[in-house]
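Coordinate inspection notes
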Amino acid sequence: MTNLPDPHEGEPFLLTPGPLTTAYEVKQAMLRDWGSWDGDFRAMTARVCSELVTMANGADEYVCVPMQGSGSFGVEAMLGTLVPRHGKVLVLANGAYGKRAAETLAYLGRDHEVIDKGDYLPPRGEEVRAALKADPAITHVIAIHCETSSGILNPLEEIAKVVAEEDCRLLIDSMSAFGALPVDVKALRAEAVVSSANKCIEGVPGFSFVIARRSALEEAKGNAHSLALDLYAQWAYLEKTGQWRYTPPTHVMAAFDKALTLHAAEGGVAARGKRYRENRDVMVEGMRDLGFETLLKDGWLSPIIVTFFCPADPRFAFNAFYEGMKARGFIIYPGKLTVVESFRIGCIGQMDAAIMRRVVAAAKETLADMGVESAAPPAEALAERARLAA
Ligand SMILES: *Cc1c(COP(=O)(O)O)cnc(C)c1O
């Protein structure tokens with residue numbers, strides 16, 4: 001955390017899964033202009049890419065390709081470039097981002113099949129194995145690491161083991177987890193993993209990056225359906241010139257470079273994950289003390305974002321709760337469940353346990369203002385959750 005007095009100066013904390021609250025130094029790093037062709041900027045790109053490959057334990061075998069645009073641009077570039085036009089993808093979906101991957105493949109005209117577990121049940125290794133055995137045409141599997149729509153932490157190791165055993169290629173959307181949870185591309189035998197600037201590395205939005213097996217990129221020439229989102233072409237140009245193919249988000253890169261320095265100074269992935277777990281534990285415990293219940297059982301709760309059921313009390317309304325939290329300095333996030341009402345509180349960004357205690361105090365005051373006596377959820381929410389135990 002930063003040592004400056006109040007770096008946010010009245011800005012609310014973003015309890016959201018990116019954009020999120022960044023360090024003052026990260027914002028400050030954007031106060032300079034960079035020439036995209038200049039050697040200093042090319043060195044920055046090379047340094048950032050090499051640090052990301054190291055973070056993923058991909059040295060020698062993997063390369064990092066940055067891509068302009070938010071995370072979805074990176075997912076689309078990865079799918080459109082690494083999946084050959086006659087490939088077939090098994091999508092493991094349990095929320096909005098798995099569904100978006102399937103939608104992307106539909107746009108790209110890539111054959112695919114979906115295992116859809118609904119809002120929050122995790123895809124398990126054995127059902128992935130059954131699907132792969134049932135359809136030998138499947139060449140790739142895409143798994144979502146942390147499904148940010150519910151906050152569930154999917155069993156990535158279990159899935160990766162099956163995908164490797166079945167001789168398929170694994171693509172990972174680790175957008176909201178990379179940098180806070182370990183992703184070891186060699187141990188997972190992953191083909192590629194995608195993440196973006198504005199999640200657990202705590203940069204600002206503006207680009208995504210794909211850490212891909214070099215051999216997979218070499219094979220991918222000509223696959224892409226798109227000029228701007230051709231990951232192979234972006235990589236080939238970077239290799240040749242050290243430059244991004246088209247105008248890079250220079251200020252965003254400079255901020256990200258600073259964010260990586262702060263990430264390392266904090267103690268890397270392990271320390272960042274530990275801080276986020278503490279954020280989650282303090283916040284979840286405090287919210288439970290107020291009567292709130294989490295959608296997920298402890299074993300599936302990610303340290304990224306947590307979904308809470310809205311209270312059953314008719315005096316509770318999400319919009320009023322949101323405004324009350326905002327007035328106290330905290331921006332929360334609406335829920336994304338289809339069956340019951342919910343909201344989400346993120347644990348990532350420049351926040352620590354002390355701030356999470358203030359979040360709980362703000363929730364308590366807001367409930368009191370609304371006249372809500374108990375934050376307990378309706379019975380149907382708990383019944384819905386009981387399905388998870390099955
Ligand atoms: C944030 C996120 C994305 C990308 O969303 P953008 O809005 O395009 O940045 C993709 N997958 C997951 C799991 C995410 O959390």
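Cut-off values and rules
Residues numbered from 1 in each chain as written. Predicted model: local features only at pLDDT ≥ 70, side-chain atom pairs only at ≥ 80, totals over all residues. Heavy atoms only, no water. Phe/Tyr/Trp six-rings, centres within 6.5 Å; stacked < 30°, edge-to-face > 60°. Buried < 20%, exposed > 50% of the residue type's maximum accessible area, 1.4 Å probe, protein only. Helix = DSSP H or I, 4+ residues; strand = E, 2+ residues; numbered from the N terminus. Lys NZ or Arg CZ within 6 Å of the ring centre and 35° of its normal. Near = heavy atom within 4 Å. Polar contact = N/O pair within 3.5 Å; in protein donor to acceptor, adjacent residues only side chain to side chain. Areas by Shrake-Rupley, 256 points an atom, 1.4 Å probe, with all protein chains shown as cover. 1 Å grid on protein atoms, 1.4 Å probe; cavity = no way out; pocket = protein on both sides within 12 Å on 5 of 7 lines; lining within 4 Å. Sits in = over half its atoms within 2 Å of the grid points. Nonpolar A, V, L, I, M, F, W, Y, C, P; charged D, E, K, R; others polar. Points joined across faces, edges and corners; volume = space filled by probe spheres on them. Domains from an automatic or database assignment. Axes fitted to C-alpha atoms, helices over the stretch in contact; angles between N-to-C directions. Parallel < 35°, antiparallel > 145°, perpendicular 65-115°, else oblique. Left-handed = near helix turned anticlockwise from the far one by under 90°. Contact = heavy atoms within 4.5 Å. Arc of directions from axis to C-beta.

What the rule picks out here adds up to 15 aromatic pairs. Judged by centre distance (6.5 Å) and plane angle (50°), the rings of Phe 207 and Phe 209 are tilted. Across the pair, Phe 209 and Phe 207 agree in class, each one buried. On the numbers, 5.9 Å between centres and 50° between planes, the contact of Phe 209 with Phe 256 is tilted. Taken together, the positions of Phe 209 in strand E10 (residues 207-213) and Phe 256 in helix H10 (residues 250-266) put the pair 47 residues apart, joining distant regions of the chain. Take Phe 209: its relative accessible area is 1%, and that puts it in the buried class. Taken together, the aromatic side chains of Phe 292, Phe 308, Phe 316, Phe 318, Phe 321, Tyr 322 and Phe 343 make up a single cluster linked through ring pairs. Arg 32 extends its terminal NZ or CZ atom over the ring of Trp 34, reaching a point 3.8 Å from the ring centre.

Another aspect to go through is the site of the ligand. The full set of residues close to the ligand is Ser 70, Gly 71, Ser 72, Tyr 97, Arg 100, Ile 144, Cys 146, Thr 148, Asp 173, Met 175, Ser 176 and Lys 199. At 2.5 Å from an oxygen atom of the ligand is found a side-chain nitrogen or oxygen belonging to Ser 70. Ser 72 has a polar side-chain atom sitting 2.6 Å from an oxygen atom of the ligand. For the ligand, whose unbound accessible area comes to 380 Å², protein coverage reaches 87%. Comparing atom positions with the cavity grids shows the ligand to sit within the largest pocket. Counting residues per element, the ones that place at least two in the shell around the ligand are helix H3 (71-82) and helix H4 (96-108). When its residues are assigned to classes, the shell around the ligand shows four nonpolar, five polar and three charged.

Counted as a void, the largest pocket has a volume near 400 Å³. Along the wall of the largest pocket there are 25 residues; nearest its centre are Gly 71, Ser 72, Tyr 97, Arg 100 and Met 175. Among the elements of the structure, H3 and H4 are those that each provide at least two residues to the lining of the largest pocket. Looking at the lining of the largest pocket, the element that brings in the most residues is H4, giving six residues. Considered class by class, the residues forming the lining of the largest pocket number eleven nonpolar, nine polar and five charged. Of the residues that make up the lining of the largest pocket, three or more belong to each of domain 1 (7-20 + 268-389) and domain 2 (32-264). Quantified by volume, the second largest pocket comes out at close to 230 Å³. Along the wall of the second largest pocket there are 14 residues; nearest its centre are Ala 46, Cys 49, Val 63, Cys 64 and Glu 239. Looking at the lining of the second largest pocket, the elements that each hand over two or more residues are helix H2 (39-55), strand E2 (62-68) and helix H9 (231-241).

The next subject is the packing of helix H5 (residues 125-134) against helix H6 (residues 156-165). The N-to-C vectors of H5 and H6 enclose an angle of 25°; their axes lie 8 Å apart at closest approach. Of the possible angle classes, the one that applies to H5 and H6 is roughly parallel. Handedness of the H5/H6 crossing: right-handed. Where H5 approaches H6, its residues Gly 125, Glu 126, Val 128, Arg 129 and Leu 132 are matched on the opposing element by Glu 158, Val 162, Val 163 and Glu 165. Across the contact of H5 with H6, the residue classes break down as four nonpolar, one polar and four charged.

Further remarks concern the environment of Asn 94. Its place among the elements puts Asn 94 in the loop between strand E3 (88-93) and H4. Judged by relative accessible area, Asn 94 falls into the buried class, the value being 0%. Sequence spacing of Asn 94 and Gly 118 is 24 residues, and the spatial spacing of their C-alpha atoms is 5.2 Å. For Asn 94, the residues in contact, after removing those within four places along its chain, are Lys 117, Gly 118, Asp 119, Tyr 120, Leu 121, Pro 122, Pro 123, Glu 147, Ile 152 and Asn 154.

Moving on, we get to H5. Since one α-helical turn is 3.6 residues long, residues separated by three or four positions face the same way. Looking at H5, one finds that the buried residues are Gly 125, Val 128, Arg 129, Ala 131 and Leu 132. On an axial view of H5, the arc spanned by its buried residues comes to 165°, and they lie on one face. Facing away from the buried side of H5, by more than 90 degrees, are the exposed residues Glu 126, Lys 133 and Ala 134. The inward-facing, buried residues of H5 contact E3, strand E4 (111-116), strand E5 (140-144) and H6.

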